[in-house]
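The lines below spell out each chain.
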Amino acid sequence: MKFLDLTKVYIRSGGGGNGCVSFRREKYIEYGGPDGGDGGKGGSVYAEAVEGLNTLIDFRYQQHFFAQNGQSGMGRQRTGRDGDDIILRVPVGTEILDEDEETVLCDLTEVGERVLLAKGGNGGFGNLHFKSSTNQAPRRANPGQEGIDRTIWLRLKLIADAGLLGLPNAGKSTFLAATSNARPKIADYPFTTLHPNLGVVGIDNAEFVMADIPGLIEGAHEGRGLGDLFLGHVERCAVLLHLIDGTSETVAQDYRTIINELEAYGGELAEKPRITALNKIDALDDEEREEARAALEAEVGGPVMLMSGVSGEGLNEVLRAVRQEINDDRIRQKPAEESEPWQP
């Protein structure tokens, strides 16, 4: 399945049915009078967050959603049939934006959450509605109310408890594959990851969801590389795990590059709790490890953890540090026999 996290959709609610002008004309009935019914209501357009979806790819093949119009009223005091509603089923974590692609109309963050996007038009009154003592044979009826046309944007921000950050080839996908049930593509060239991946990580009788996004490079906020389009997928995370390639000769500069991109992106992302880890230490000897760690700690201004996604060294300590930053209400407990620490 292809991944799509932003799409444009055209919606229209149904128009109301027209009211009916009708009179009773049965034989042998002395007093006839008006009997025109009201028009039916037009269908509305809703959006609903459902389980089992993690992409907006369905909306690439269908962008137009038109609700059904209400039926016109009929004689014999018969009201027209209401139009059927349309429901846009979207993944949990979908934001709905106005046509300007900036105004947030709603944010669907829970399964079953539903929002009205375009209300159907009301049906018009038939001439029976206008009958009175002074107007016993009205020959007027109201037209139905027109539906609403609007253009909206759907933007998906994945629901995850922790997010991975780093330059291309920092070992993010290797880390996710080693610690979770996810199987992202892993290769020895930059930008192996082209779309976000989610994995369920288990540690100390607890599970949480971790997101891996494509690597950032300097100038990502200006559109370089894959840009910062995927940073929205870690906006909802409680903590960010920043991985630094330990084999790089410029670990401090690599760290600063990512921090600069977070600050350029804006919002609260740069202020989120971060854990910095020096990855790929299996390729370094003790002296090289301490040298890289000292240089990185001087830039970070705090502690730096050591780990290797390939050998498994330090993985459990990093996972426990991430776990401590996540609120207990976001953690799912699991049986002890299923939560054995990761072993290389």
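Each value, and the rule that gives it
Residues numbered from 1 in each chain as written. Predicted model: local features only at pLDDT ≥ 70, side-chain atom pairs only at ≥ 80, totals over all residues. Heavy atoms only, no water. Helix = DSSP H or I, 4+ residues; strand = E, 2+ residues; numbered from the N terminus. Rg over C-alpha atoms; globule rule 2.2 N^0.38 Å. Buried < 20%, exposed > 50% of the residue type's maximum accessible area, 1.4 Å probe, protein only. Contact = heavy atoms within 4.5 Å. Areas by Shrake-Rupley, 256 points an atom, 1.4 Å probe, with all protein chains shown as cover. Pairing = 2+ DSSP bridges. Axes fitted to C-alpha atoms, helices over the stretch in contact; angles between N-to-C directions. UniProt positions renumbered as here; feature names shortened; annotations may be inferred. Domains from an automatic or database assignment. Buried area = accessible area lost by both parts, 1.4 Å probe. Salt bridge = Lys/Arg side-chain N within 4 Å of Asp/Glu carboxyl O.

*Asks:* Help me understand the overall build of the chain in this model?
*Replies:* Of the regular secondary structure elements, the chain holds five helices and 15 strands. Against the 2.2 N^0.38 benchmark of 20 Å for 344 residues, the chain shows a C-alpha radius of gyration of 29 Å, more extended than a compact globule. Here the C-alpha coordinates of the chain stretch approximately 110 × 45 × 30 Å along the principal axes. Buried positions account for 48% of the 344 residues belonging to the chain. Across the chain, the fraction of contacts at a sequence separation of at least 24, relative to all contacts at a separation of at least 6, is 73%. Total accessible area on the chain is roughly 17600 Å²; 44% of this is exposed by carbon and sulfur atoms.

*Asks:* Before we go on, may I ask you to explain unusual backbone geometry in this structure?
*Replies:* Trans is the prevailing form of peptide bonds, just as negative phi is the prevailing case for residues other than glycine. Phi is positive for Glu 101, which is not a glycine, with a value near 65°. On the secondary structure map, Glu 101 appears in the loop between strand E5 (94–97) and strand E6 (104–108). Positioned with a positive phi, Asp 204 is a non-glycine residue whose angle comes to about 50°. Looking at the element boundaries, Asp 204 is found in the loop between strand E10 (197–203) and strand E11 (206–212). The exposure class of Asp 204 is partly exposed, given its relative accessible area of 40%.

*Asks:* Even after reading the chapter, I still don't get the sheet that holds strand E1 (residues 6–12), so can you show me in this structure?
*Replies:* Sheet strands pair by backbone hydrogen bonding; their relative direction is either parallel or antiparallel. Reading across from one edge, E3-E1-E8-E5-E6 is the order of the five strands in this open sheet, with mixed pairing throughout. In this open sheet, the two strands that pair with only one neighbour each are strand E3 (64–66) and E6. Sheet twist, expressed as the average angle between the axes of neighbouring strands with direction ignored, equals 25°. Note: E5 against strand E8 (residues 149–156), four bridges, orientation antiparallel. Counterpart to Leu 97 in the pairing with E8 is Trp 153.

*Asks:* How should I be thinking about the UniProt feature "binding site: Mg(2+)" (unreviewed entry) in the chain in this particular structure?
*Replies:* As annotated by UniProt and renumbered to match this structure, "binding site: Mg(2+)" (unreviewed entry) occupies Ser 173 and Thr 193. Despite a sequence span of 21 residues, these residues sit close together in the fold, their greatest C-alpha distance being 7.5 Å. Ser 173 gets classed as buried once you look at its relative accessible area, which sits at 9%. Here Thr 193 is to be found in the loop between helix H2 (172–179) and E10. Looking at Thr 193, the relative accessible area reads 11%, which means it is buried.

*Asks:* Can you walk me through the domain arrangement of the chain in this structure?
*Replies:* The accessible area lost on association of the parts is a frequent measure of interface size. Here the domain parsing of the chain yields domain 1 (1–157) and domain 2 (162–333). Placing the centre of domain 1 and that of domain 2 at their C-alpha centroids yields a distance of 47 Å. The partner domain 2 presents eight residues to the eight residues of domain 1 that form the contact. Carbon and sulfur atoms supply 51% of the area that domain 1 and domain 2 bury against each other, a total of about 620 Å² over both sides.

*Asks:* Hey, could you run me through the pattern of salt bridges in this one?
*Replies:* Under the criterion given, the structure shown has 13 salt bridges. For Arg 155, the salt bridge identified is with Glu 95, shortest N-O distance 2.6 Å. Of the two residues, Arg 155 sits in strand E8 while Glu 95 sits in strand E5, which places them 60 residues apart along the sequence. With a shortest N-O distance of 3.1 Å, Arg 256 and Glu 299 are connected by a salt bridge. Of this pair, Arg 256 sits in helix H3 (residues 251–265) while Glu 299 is found in helix H4 (residues 286–300), placing the two residues 43 residues apart along the sequence. Exposure remark for Arg 256: the relative accessible area of 29% places this residue in the partly exposed category. Residue class for Glu 299 comes out partly exposed when judged on its relative accessible area of 30%. Sharing partners across several salt bridges, the network here consists of Glu 95, Arg 155, Lys 157 and Glu 235.

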